Amino acid sequence: MQSNRIFELRKTLEIIKADAVVINDPDNVFYLSGFTGYGDGTLLITSTEAFLLTDSRYDIQAHEEAPLYNVKMIRMPDSDEFVSLVKECRIKNLAFENCYVSYTFWKLLNDKLSFCNLVNLDDAVINQRMIKDESEVKIIKKACEIAGTAFLEMKHLIVPGVREVDVAAELELRMRKKGAIKPSFDTILASGYRAAMPHGAASEKVIMAGEPVTCDFGAFYKGYCSDMTRTVFAEGEADETLLKIYDIVKEAHDLAIVSFKPGMTGYDLDKIARDCIESYGYGKEFGHSLGHGIGTQVHEAPSVSKKGDIVLEKGMIFSVEPGIYIEGLGGVRIEDLALVTDTGLEVITIG
Ligand code: ZN
Ligand code: ZN
């Protein structure tokens, strides 16, 4: 796990001619070390050594969670001890994460570490994170199971007269009881006309008879996220157009999943679902991407969209979530997570 990830990163360091790298992005720190003190840990990885820098609050936790690392009580970002450590390790070419460097740390790099040549690591770790290893797949599947079974157990509570916030609270409580540390994002629960808002967080609106209710939710479990959407209709007479839209969204969703072949790009897969929805005349009402990668963050690379130029490879996990939204009337979205296998896609969300 972590040892393989460090090994891969060291290969990148060789390519970019850096003899060490400093990792600040909390997700990358967790990915490479297992340390969950998000935001309070920094890694310094050389070709032979790996240090986790944190403070005394995390002393026991850091040793437990990151056994591959030499844990040092060095407070970042502005620290003379860090400068001494870099000198001790005889680091000449130091890589850094350009997207996650604070101004204070940048000043330290430039003022006190001016003897080092700075090398941009760019998105190397983010790119590494796109392909999930076995342990990650297992955890994400479990996060999917927690969310999916929680939903199945409580979806009968989505009835006319109930408020959106009450449904969301019940769903979140059940996910927590099944082992989720928290929801992986603010639960989206949008009924009736509010279902036309793709990201309508749960409100105090009361669900009315026949209304569509879009439930988009996920569990955060052992550092990883799940994400799924179900649109259900509250008991009562539903609008004909919305029922028709439901079938179109389902068709686009299923078509994308069965048509996928490894080697396609995010653009190719997005186009399959988009063409399907466009053929029914609802192209403009499908305004967002078909999907996104997922892992320690709900949204991460690769993008499954018009701009998705990354080839979707074995081990990647991303969402497939077409939707149609009509202002004033409502909307429908169906979302599942899928894992790329040797031959196609394995849907890993349940329920
Ligand atoms: Zn979602
Ligand atoms: Zn999503």
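I will try to describe carefully the structure that is included in this document.

Rules used throughout
- All chains use their own residue numbering, which begins from 1 and follows the written sequence.
- Labels follow written order: the first chain is A, the first ligand is 1, and so on.
- Per-residue local features of the predicted model are confined to residues with pLDDT of at least 70, and side-chain atom pairs are confined, for both listing and counting, to 80 or more; whole-chain, interface and lining totals are unaffected and use all residues.
- Side-chain calculation: all heavy atoms of the structure are included, whereas hydrogens and water are not.
- Every helix listed is a DSSP run of H or I at least four residues long, and every strand listed is a run of E at least two residues long, numbered separately from the N terminus.
- Accessibility here uses a 1.4 Å probe with only protein chains present; expressed as a share of the type maximum, an area under 20% marks a residue as buried, one over 50% as exposed, and anything in between as partly exposed.
- Because water is not among the atoms used, a metal site may look incomplete, as its donors are only the N, O and S atoms within 2.8 Å, or 3.2 Å for Na, K and Ca.
- In these descriptions, tetrahedral denotes four donors with every angle between 85 and 135 degrees, square planar four donors and octahedral six donors with opposite donors over 155 degrees apart and the rest between 65 and 115, and irregular any other case.
- As used in this record, nonpolar core signifies buried Ala, Val, Leu, Ile, Met, Phe, Trp, Tyr and Cys residues forming a set joined through side-chain atoms within 4.5 Å.
- Whether two residues are in contact is decided by their heavy atoms, any of which lying within 4.5 Å being enough.
- The rule for pairing is simple: two strands pair if DSSP sees at least two bridges between them.
- Note on ring pairs: Phe, Tyr and Trp rings are taken, using the six-membered ring of Trp, and paired if centres are within 6.5 Å. Classes follow the plane angle, with under 30 degrees stacked, over 60 edge-to-face and the rest tilted.
- Here, over-ring charges are defined by two tests on the NZ atom of lysine or the CZ atom of arginine: distance to the ring centre within 6 Å, and angle to the ring normal within 35 degrees.
- Here an angle of 0 to 180 degrees is reported between the N-to-C directions of two axes, which are lines fitted to C-alpha atoms, with helices fitted over the stretch in contact.
- Every angle not falling under 35 degrees, over 145, or within 65 to 115 is termed oblique; those three ranges are roughly parallel, roughly antiparallel and roughly perpendicular.
- The hand of a helix crossing depends on one turn: near helix anticlockwise from the far one by less than a right angle means left-handed, and clockwise means right-handed.
- Asp, Glu, Lys and Arg are counted as charged, while Ala, Val, Leu, Ile, Met, Phe, Trp, Tyr, Cys and Pro are counted as nonpolar; the rest, among them Gly, fall into the polar class.

1. Looking at unusual backbone geometry
Residue Pro77 is reached from Met76 by a cis peptide bond, and omega for that bond is 5°. Locating Pro77 in the fold gives a position in the loop between β4 (70-73) and α4 (80-88). Of note in this structure, Lys17 is not a glycine but carries a positive phi near 60°. Looking at the secondary structure, you find Lys17 in the loop between α1 (2-15) and β1 (20-23). On the basis of relative accessibility, which here comes to 64%, the residue Lys17 falls in the exposed class. Here Lys222, not a glycine, exhibits a phi torsion of approximately 45°, which is positive. Following the sequence through the fold, Lys222 ends up in the loop between β10 (219-221) and β11 (224-225). On the basis of relative accessible area, Lys222 is assigned to the exposed category, the value being 52%.

2. Regarding the coordination of the zinc ion (ligand 1)
Protein ligation of the zinc ion (ligand 1) involves Asp216 (OD), Asp216 (OD), Asp227 (OD) and Glu335 (OE), the donor distances falling in the range 2.0 to 2.6 Å. With four donor atoms in place around the zinc ion (ligand 1) and angles of 56 to 148° between them, the coordination shape is irregular. Read in sequence order, the donor residues for the zinc ion (ligand 1) give the motif D-x10-D-x107-E. A spacing of 3.1 Å is found between the zinc ion (ligand 1) and the zinc ion (ligand 2), which share Asp227 as a donor. Placement of Asp227 in the loop between β11 and β12 (228-233) and of Glu335 in the loop between β17 (330-333) and β18 (336-340) is noted, with a sequence separation of 108 residues between them. Among the residues examined, Asp227 registers a relative accessible area of 3% and is labelled buried.

3. Remarks on the nonpolar core
Within the largest apolar cluster, 62 residues are counted, with the highest numbers of intra-cluster contacts made by Ile23, Leu32, Ile45, Tyr69 and Leu121. The dominant element in this core, judged by the number of residues it contributes, is helix α7 (residues 134-154), at 10 residues. Ignoring anything within four residues of it in the chain, the contact list for Leu32 reads Gln2, Arg5, Ile6, Leu9, Ile23, Leu43, Ile45, Tyr69 and Val125. Core analysis: the second largest hydrophobic core is formed by 29 residues, Ile248, Ala273, Val304 and Ile334 among them.

4. Considering the coordination of the zinc ion (ligand 2)
Protein coordination of the zinc ion (ligand 2) is provided by Asp227 (OD), His292 (NE2), Glu321 (OE) and Glu335 (OE), with donor distances spanning 2.1 to 2.2 Å. Seen from the zinc ion (ligand 2), its four donor atoms lie at angles of 80 to 156°, and the figure they make is irregular. The exposure class of Glu321 is buried, given its relative accessible area of 9%. Relative accessible area serves as the criterion here: at 0%, Glu335 is assigned to the buried category.

5. So, the pairing of β12
The element β12 is largely enclosed, with a buried count of five among its six residues. In the sheet, strand β9 (residues 212-217) pairs with β12 via six bridges, with the strands oriented antiparallel. Counted as the bridge partner of Pro212 is Phe233 from β12.

6. Some remarks on the packing of aromatic side chains
Tallied over the full model, the rule gives eight aromatic pairs. Seen from their ring centres, Phe233 and Tyr246 are 6.2 Å apart, and the 65° between their planes marks the pair as edge-to-face. A residue pair is termed long-range when its members are at least 10 positions apart, and Phe233 in strand β12 and Tyr246 in helix α9 (residues 240-259) qualify at 13 residues. Taking 6.1 Å as the distance between ring centres and 65° as the angle between the ring planes, the aromatic pair formed by Phe260 and Phe318 counts as edge-to-face. With Phe260 in the loop between α9 and α10 (266-279) and Phe318 in strand β15 (residues 317-320), this residue pair connects regions lying 58 residues apart in the sequence. No difference in accessibility class separates Phe260 from Phe318, as the two residues are buried. These aromatic residues form a ring-pair network of at least three members: Phe30, Tyr38 and Tyr224. The ring of Phe220 has Lys182 sitting right over it, with the charged end atom 4.8 Å from the ring centre. Geometry around Phe286 places Arg274 over its ring, the cationic atom sitting 4.1 Å from the centre.

7. Considerations on the sheet that holds β9
Here we have three strands laid out as an open sheet, ordered β8-β9-β12, and antiparallel in their pairing. Among the strands making up the open sheet, the edge pair consists of β8 (188-191) and β12. Taking the axes of each pair of neighbouring strands and ignoring which way they run, one obtains an average angle of 10° across the sheet. Contacts from α7 reach β9 and β12 within the one sheet, and its direction differs from that of β12 by about 10°.

8. What to know about the packing of α7 against helix α8 (residues 164-177)
Each pair of packed helices can be described by the angle between their axes along with the distance between the axes. Contact pair α7 / α8: the axes reach a minimum separation of 9 Å and the direction vectors enclose 130°. Between α7 and α8, the interaxial angle falls into the category oblique. Between α7 and α8 the crossing geometry is right-handed. Here Ile146, Ala147, Ala150, Phe151, Glu153 and Met154 of α7 lie close against α8, whose contacting residues are Val167, Glu170, Leu171, Arg174 and Met175. Among the residues forming the contact of α7 with α8, the class breakdown is eight nonpolar, no polar and three charged.

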